[in-house]
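Single-letter residue listing:
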Amino acid sequence: MKFCLVVDDSRVVRKVARRIVEGLGFSCDEAEDGQKAYDACQGTMPDVILLDWNMPVMSGIEFLEKLREMDNGSGPKVIFCTTENDLGHIQRAMNSGADEYIMKPFDSEIIESKFVQVGLMEQAAE
Amino acid sequence: MRIADFDLYKDMLMKQSGLTLSADKCYLLDSRLTPVAKKWDFASLDTMSVALRGMPDPALVKDIVEAMTTNETSFFRDGKPFELFKEVVLPYIAKSRSTQRSLRIWCAASSSGQEPYSLAITALENQHLIPGWKIEIVATDISDDILEIARKAEYSQFEVQRGLPIQLLTKYFEQNNENWKLKEEVRNMVKFQNFNLLNDMATLGLFDIILCRNVLIYFNEETKKEILIKMAKRIPSDGFLFLGGAETVLGISEDFTPMSDCRGLYVLREGNYDMEALEKSAAG
Ligand SMILES: C[S@@+](CC[C@H](N)C(=O)[O-])C[C@H]1O[C@@H](n2cnc3c(N)ncnc32)[C@H](O)[C@@H]1O
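**Considering the sheet that holds strand 1 (residues 102–107) of chain B**
All names here are of chain B.
Here is step 1: Taking strand neighbours across the sheet as the criterion, the seven strands line up as 6-2-1-7-8-10-9 in an open arrangement whose pairing is mixed. What marks the edges here is a single partner per strand, and that holds for strand 6 (190–194) and strand 9 (256–258). Across the sheet, the mean angle separating the axes of adjacent strands is 25° when strand polarity is ignored.
Here is step 2: Here strand 2 (residues 134–141) runs beside strand 6; their pairing, made up of five bridges, is parallel. Bridged to Val-138 within strand 6 is Lys-191.
Here is step 3: With respect to the sheet, helix 5 (residues 80–96) is in contact with strand 1, strand 7 (209–212), strand 8 (240–243) and strand 10 (265–268), its orientation differing from that of strand 8 by roughly 180°.

Here it is as structure tokens:
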């Protein structure tokens, strides 16, 4: 089973995201800021990370930059999932090594569509 | 709604747009036509039905037809057809049309534009196959309202996140507050016009590729047959047809046959294809 780490400082968002990714057949863990996510990655490197931008202690973008410098840090697909919805933020995220970008609010269809695009799963037949 | 009124709408929709309405869709009439009745200042759906039995205003009939269409669509819907377009059809056509250096595509029920624009973006992303070619994408729909939305090419945050990779969003769209507007370069590749699939298609000319996706499902067998017969005459002997995931030519069209291992892609049964080249592009 593929493993997803949800990184968001809102417990509600983490819960919603967890329900969606588990529904797509992924196992799931949560972290409430970039530092906690970084610690988690030192234990087990996830297959995919859903990453909020603004969080206390360590922001999403800081975490991403540090992650990509880790030994296996290029492995996980990183999908930003944030209310920051302007071109500047999107471009900065992509330049720092994000694979995809979701502008909140999201729903299961958007997450599924992005998981397909980064090659984590097959397109469901209609 | 009374049965006689249901039949009135059923017959009207069949005649005007081909839409087949089964009795279990009665609720759809109620929910979608009540706003139309309101717009036209009828006291109720029943009074509108009475008026329609006389000499109905063509503009009212048009509103009813448009209200009953389903416009559900998305960028790169279902994924696979656009992969086939890029990996099988484009490489093949790049060879077969290398002297003419032009490509004509018809998107036959284009709704709010995501489908023809996805094709335009794919063509731009694969320019190395067709460098400097003349590319014409004709996109048609029966609904003027939806065509207007398509021409505007401005989509909500929600719409651009269904099926569109973020790299393509940043490359081909401009942000307009909460919305995203497609750049002129892409918009200019698509010509929208009103066209009813029940009508004579000869006026449209010939197309190398036709997409007719997720519209035949609303029609009965006979209407599907007629449309596919007419479409077979709109492509040259080495043209292509795409249908939607829930649609097929099996038992409906003698003219088209599915291309093996290419779901949703059809070729002419009596066509004239360079099979070797086709299989080569299909094998990737
Ligand atoms: C579900 S959408 C499909 C959009 C797109 N092809 C796709 O697959 O995503 C169906 C469209 O068919 C149009 N339509 C319905 N009846 C039609 C007819 N008789 N002639 C032309 N278009 C029609 C509707 O207005 C609607 O926009």
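Okay, back to it.
**Side note on the packing of helix 1 (residues 3–17) of chain B against helix 4 (residues 58–68) of chain B**
Residue and element names in this part refer to chain B.
Here is step 1: Axis separation between helix 1 and helix 4 bottoms out at 10 Å; the angle between their running directions is 90°. In terms of orientation, helix 1 and helix 4 fall into the roughly perpendicular class. Together, Tyr-9, Met-12, Leu-13, Gln-16 and Ser-17 of helix 1 and Val-61, Ile-64, Val-65 and Met-68 of helix 4 make up the contact between the two elements.
Here is step 2: When its residues are assigned to classes, the contact of helix 1 with helix 4 shows seven nonpolar, two polar and no charged.

**Details of the nonpolar core**
Residues and elements named next belong to chain B.
Here is step 1: Counting residues in hydrophobic clusters, the biggest one holds 102 residues, and the most contacted among them are Trp-106, Phe-173, Leu-197, Ile-209, Met-231 and Phe-240.
Here is step 2: The element that contributes the greatest number of residues to this core is helix 5, accounting for nine residues.
Here is step 3: In this structure Ile-209 touches Phe-85, Val-89, Ile-93, Leu-103, Arg-104, Ile-105, Trp-106, Phe-240 and Phe-242, once residues within four positions along its chain are discounted.
Here is step 4: If you look at the next biggest cluster of nonpolar residues, it comprises 20 residues, including Leu-21, Leu-45, Met-48 and Val-65.

**Observations concerning the interface of chain A and chain B**
Interfaces are often sized by the amount of accessible area the parts lose when they come together.
Here is step 1: Chain A puts 22 residues into the contact, and the matching count from chain B is 20 residues.
Here is step 2: Of the roughly 1700 Å² buried between chain A and chain B, counting both surfaces, carbon and sulfur atoms make up 48%.
Here is step 3: Linking chain A with chain B are one salt bridge.
Here is step 4: A salt bridge links Arg-162 of chain B to Glu-109 of chain A, with the nearest nitrogen and oxygen atoms 2.6 Å apart.
Here is step 5: Where chain A meets chain B, there are 12 residue pairs in polar contact (both at pLDDT 80 or more).
Here is step 6: At the level of secondary structure, the elements contributing two or more residues to the side of chain A that touches chain B comprise helix 4 (87–95), strand 5 (100–103) and helix 5 (108–117) of chain A.
Here is step 7: Looking at which element gives the most residues to the side of chain A that touches chain B, the answer is helix 5 of chain A, with five residues.

**Section: the site of the ligand**
Residues and elements named next belong to chain B.
Here is step 1: Inspection of the region around the ligand gives 20 residues, with Thr-73, Arg-77, Ala-109, Asp-141 and Asn-214 positioned closest.
Here is step 2: A distance of 2.9 Å separates a nitrogen atom of the ligand from a polar atom in the backbone of Ser-17.
Here is step 3: Leu-197 has a polar backbone atom sitting 2.9 Å from a nitrogen atom of the ligand.
Here is step 4: Notes on the ligand: free accessible area 610 Å², of which the protein chains cover 98%.
Here is step 5: Looking at side-chain class alone, the shell around the ligand contains seven nonpolar, eight polar and five charged residues.

**Notes on the sheet that holds strand 4 (residues 173–176) of chain B**
Hydrogen bonds along the backbone pair up the strands of a sheet, which may run parallel or antiparallel.
All names here are of chain B.
Here is step 1: Spatially, 3-5-4 is the arrangement adopted by the three strands of the open sheet, whose pairing is antiparallel. Looking at which strands have only one partner, the edges of the open sheet turn out to be strand 3 (154–155) and strand 4.
Here is step 2: Judged from the four bridges that link them, strand 4 and strand 5 (residues 179–182) form a sheet pairing that is antiparallel. For Gln-175, the partnering residue across the bridge sits in strand 5 and is Trp-180.

**Observations concerning helix 4 of chain A**
Here is step 1: All buried positions along helix 4 of chain A are accounted for by Ile-90, Ala-93 and Met-94 of chain A. Axial view of helix 4 of chain A: buried residues confined to an arc of 95°, hence all on one face.
Here is step 2: The inward-facing, buried residues of helix 4 of chain A contact helix 3 (60–69), strand 4 (77–82) and strand 5 of chain A together with helix 9 (166–172) and strand 5 of chain B.
Here is step 3: Positive backbone phi, at 105°, marks Gly-97 of chain A, one or two positions downstream of helix 4 of chain A.

Calculation rules
Residues numbered from 1 in each chain as written. Chains lettered and ligands numbered in written order. Predicted model: local features only at pLDDT ≥ 70, side-chain atom pairs only at ≥ 80, totals over all residues. Heavy atoms only, no water. Pairing = 2+ DSSP bridges. Helix = DSSP H or I, 4+ residues; strand = E, 2+ residues; numbered from the N terminus. Axes fitted to C-alpha atoms, helices over the stretch in contact; angles between N-to-C directions. Contact = heavy atoms within 4.5 Å. Parallel < 35°, antiparallel > 145°, perpendicular 65-115°, else oblique. Nonpolar A, V, L, I, M, F, W, Y, C, P; charged D, E, K, R; others polar. Core = buried A, V, L, I, M, F, W, Y, C linked by side-chain atoms within 4.5 Å. Buried < 20%, exposed > 50% of the residue type's maximum accessible area, 1.4 Å probe, protein only. Buried area = accessible area lost by both parts, 1.4 Å probe. Salt bridge = Lys/Arg side-chain N within 4 Å of Asp/Glu carboxyl O. Polar contact = N/O pair within 3.5 Å; in protein donor to acceptor, adjacent residues only side chain to side chain. Near = heavy atom within 4 Å. Areas by Shrake-Rupley, 256 points an atom, 1.4 Å probe, with all protein chains shown as cover. Arc of directions from axis to C-beta.

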